[in-house]
Amino acid sequence: MSQLDVKGAMSAYADGQNVMDYLRHKHGIDHNNSEIIELSYDLQAGSYAKSTELHIQERMDYAKLMSEYIRPHLNGATSLLDVGTGELSTISLLANHLDENTSVFAFDISWSRLFKGQKFWNKWNKNKTLELNLFVADMKEIPLLDNSVDVVTSNHAIEPNGECLKQILSEIFRVCSQVCVLFEPSFELNSAEGKARMAKHGYIRNLQRESEALGGTVLSIELFPLTHSKLNPTACYVIAPPKHSKMSINSRNHFSAPGTNLPLTPIDNFLYSEDMAVAFPILKNIPLLRSEKAILATALLADRDPEGVSE
Ligand SMILES: C[S@@+](CC[C@H](N)C(=O)[O-])C[C@H]1O[C@@H](n2cnc3c(N)ncnc32)[C@H](O)[C@@H]1O
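Residues numbered from 1 in each chain as written. Predicted model: local features only at pLDDT ≥ 70, side-chain atom pairs only at ≥ 80, totals over all residues. Heavy atoms only, no water.

Undergrad: Whenever I open this one, the environment of Ile-142 confuses me. Can you help?
TA: Along the polypeptide, Ile-142 turns up in the loop between strand E3 (131–136) and strand E4 (149–155). Along the primary structure Ile-142 and Ile-172 are separated by 30 residues, whereas in three dimensions their C-alpha atoms are 7.6 Å apart. In this view, Ile-142 contacts Phe-107, Glu-171, Ile-172, Arg-174, Val-175, Ser-256, Pro-258, Gly-259 and Thr-260; residues no more than four positions away in its chain are not counted. (Helix = DSSP H or I, 4+ residues; strand = E, 2+ residues; numbered from the N terminus. Contact = heavy atoms within 4.5 Å.)

Spelled out as structure tokens, the structure:
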């Protein structure tokens, strides 16, 4: 359970304050940790879908342009992962421009946002043959097997994780077999005023330098013309992950214990890791694949019982 001041965060949200700022200050934490990010976004569940519908043409244009940046890099790719998908308000509109055989993977740290987002997907994604795989996860520990998705994308999602950028990129590179096309704010291309704002909110910086330090190749960085805020300009980063042992896997089973290459298999309403002897719950068809949600269940190990798993 989060030890954060949930009630205070709710009042701060109702008063129109920045909830991440409130929580960092209240708990004396100098960066946005996963719990702060989860709570501040969970409180907003439903608001992005509403605001997207209010500005639907503008958001459709944004998503269509994103797809034009992504499509040249798809090269026969059949799977796309959206990290920090929120209420699916961007990926649902973007998916309308994808090939119909694409498998879409999308996760967020907030279960509530995904839950609300499913409705948005059903209403606005017209590409009904696309397969959607939704799950709760932390970008710092992605619960997918190595090289299990062709292309990774994001839209202002890595943004608040200023202290953990290296860890997040390293996870994205682990699961990505071809290319990452990330739409994130650029500190380096921002104005002095914008830089000060990004620093104040604990936003990422040096995405290029950190990617290269991990062995990635930055193919291009371009300011995105339809940016929402002048003080938080979106840039499109196209990055090839390090090449070592890159081979797309061709398996129906992509889920892994968070941050590992250890597969999960379904048991009842859980996903189970034989290697770690832990089970992850599934709530309303959305798997909760975060380490904190794991239930130790050694009794489910087949070799603990000569007759197999006891009922
Ligand atoms: C500004 S919203 C953008 C949502 C979505 N990409 C869109 O275009 O509407 C940022 C999202 O990233 C998610 N997020 C931020 N840090 C995360 C992390 N470490 N792991 C998983 N999700 C994260 C938040 O929960 C939030 O839903």
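Undergrad: In this structure, what is going on with a nonpolar patch on the surface? I would like to understand it.
TA: On the surface, Leu-189, Ile-221 and Leu-223 cluster together to form a nonpolar patch covering roughly 240 Å² of accessible area. Considering the arrangement of structural elements, one finds Leu-223 in strand E6 (residues 217–223). Take Leu-223: its relative accessible area is 44%, and that puts it in the partly exposed class. (Patch = residues over 30% accessible without salt bridge, like charges linked within 9 Å, V, L, I, M, F, W, Y side chains within 5 Å. Areas by Shrake-Rupley, 256 points an atom, 1.4 Å probe, with all protein chains shown as cover. Salt bridge = Lys/Arg side-chain N within 4 Å of Asp/Glu carboxyl O. Buried < 20%, exposed > 50% of the residue type's maximum accessible area, 1.4 Å probe, protein only.)

Undergrad: Explanation requested: the environment of Leu-65 in the structure shown.
TA: The topology assignment puts Leu-65 in helix H5 (residues 56–70). Note: C-alpha distance between Leu-65 and His-97 (32 residues apart in sequence) is 9.7 Å. Beyond its immediate chain neighbours, meaning those up to four positions away, Leu-65 contacts Phe-224, Pro-225 and Leu-226.

Undergrad: How should the domain arrangement of the protein be read in this particular structure?
TA: Under the domain assignment used here, the protein contains domain 1 (6–47), domain 2 (49–240) and domain 3 (265–304). A separation of 22 Å is found between the C-alpha centroids of domain 1 and domain 2. If you look at the interface, domain 1 gives 15 residues, while domain 2 gives 18 residues. Taken as a group, Ser-34, Tyr-41 and Gly-46 account for 30% of the area that domain 1 buries against domain 2, more than any other trio of residues on that side. There are one salt bridge connecting domain 1 and domain 2. On the surface where domain 1 and domain 2 come into contact, there are 12 residue pairs in polar contact (both at pLDDT 80 or more). (Domains from an automatic or database assignment. Buried area = accessible area lost by both parts, 1.4 Å probe. Polar contact = N/O pair within 3.5 Å; in protein donor to acceptor, adjacent residues only side chain to side chain.)

Undergrad: So what exactly am I meant to see when it comes to the sheet that holds E4 here?
TA: Pairing between the strands of a sheet comes from backbone hydrogen bonds, and it takes one of two forms, parallel or antiparallel. Ordered in space as E3-E2-E1-E4-E5-E7-E6, the seven strands form an open sheet in which the pairing is mixed. Two strands lie at the open edges of the sheet, namely E3 and E6, each paired on one side alone. Shown here is a sheet whose adjacent strand axes are inclined to one another by a mean of 15 degrees, direction ignored. Across the face of the sheet, helix H8 (residues 165–175) comes into contact with strand E1 (79–83), E4, strand E5 (176–185) and strand E7 (234–240) while running at roughly 145 degrees to E5. (Pairing = 2+ DSSP bridges. Axes fitted to C-alpha atoms, helices over the stretch in contact; angles between N-to-C directions.)

Undergrad: Would you take a moment to explain H8 for this structure?
TA: Here H8 lies mainly inside the structure; eight of its 11 residues are buried. Those residues of H8 that fall on the buried side of the exposure criterion are Leu-165, Ile-168, Leu-169, Glu-171, Ile-172, Phe-173, Arg-174 and Val-175. Against the buried residues of H8 lie E1, E4, E5, helix H10 (207–213) and E7.

Undergrad: Would you mind going over the pairing of E3 with me for this structure?
TA: Note: strand E2 (residues 103–108) against E3, six bridges, orientation parallel. Bridging across to E3, Ala-106 finds its partner in Leu-134. After leaving E2, the chain enters helix H7 (residues 111–124) and then returns to the sheet as E3, a path that is right-handed. (Right-handed = clockwise from strand over helix to strand, strands pointing away.)

Undergrad: Teacher, can you tell me more about the nonpolar core here?
TA: Most often, soluble globular proteins keep nonpolar side chains buried together rather than apart. If you look at the biggest cluster of nonpolar residues, it comprises 37 residues, and the most contacted ones within it are Leu-81, Phe-135, Leu-144, Val-152, Ile-172 and Leu-182. Contributing elements (two or more residues each) for this core: E1, E2, E4, H8, E5, E7 and strand E10 (278–283). Sort the elements by how many residues they give to this core and H8 lands first, with six residues. Shared between two domains, this core takes at least three residues from each, and those domains are domain 2 (49–240) and domain 3 (265–304). Leave out the neighbours within four places in its chain, and Phe-135 touches Leu-81, Phe-105, Ala-106, Phe-107, Asp-108, Leu-114, Pro-143, Leu-144, Phe-255, Ile-286, Pro-287 and Leu-289. Met-66, Trp-121, Leu-130 and Val-181 belong to the second largest nonpolar core, which has 36 residues in total. (Core = buried A, V, L, I, M, F, W, Y, C linked by side-chain atoms within 4.5 Å.)

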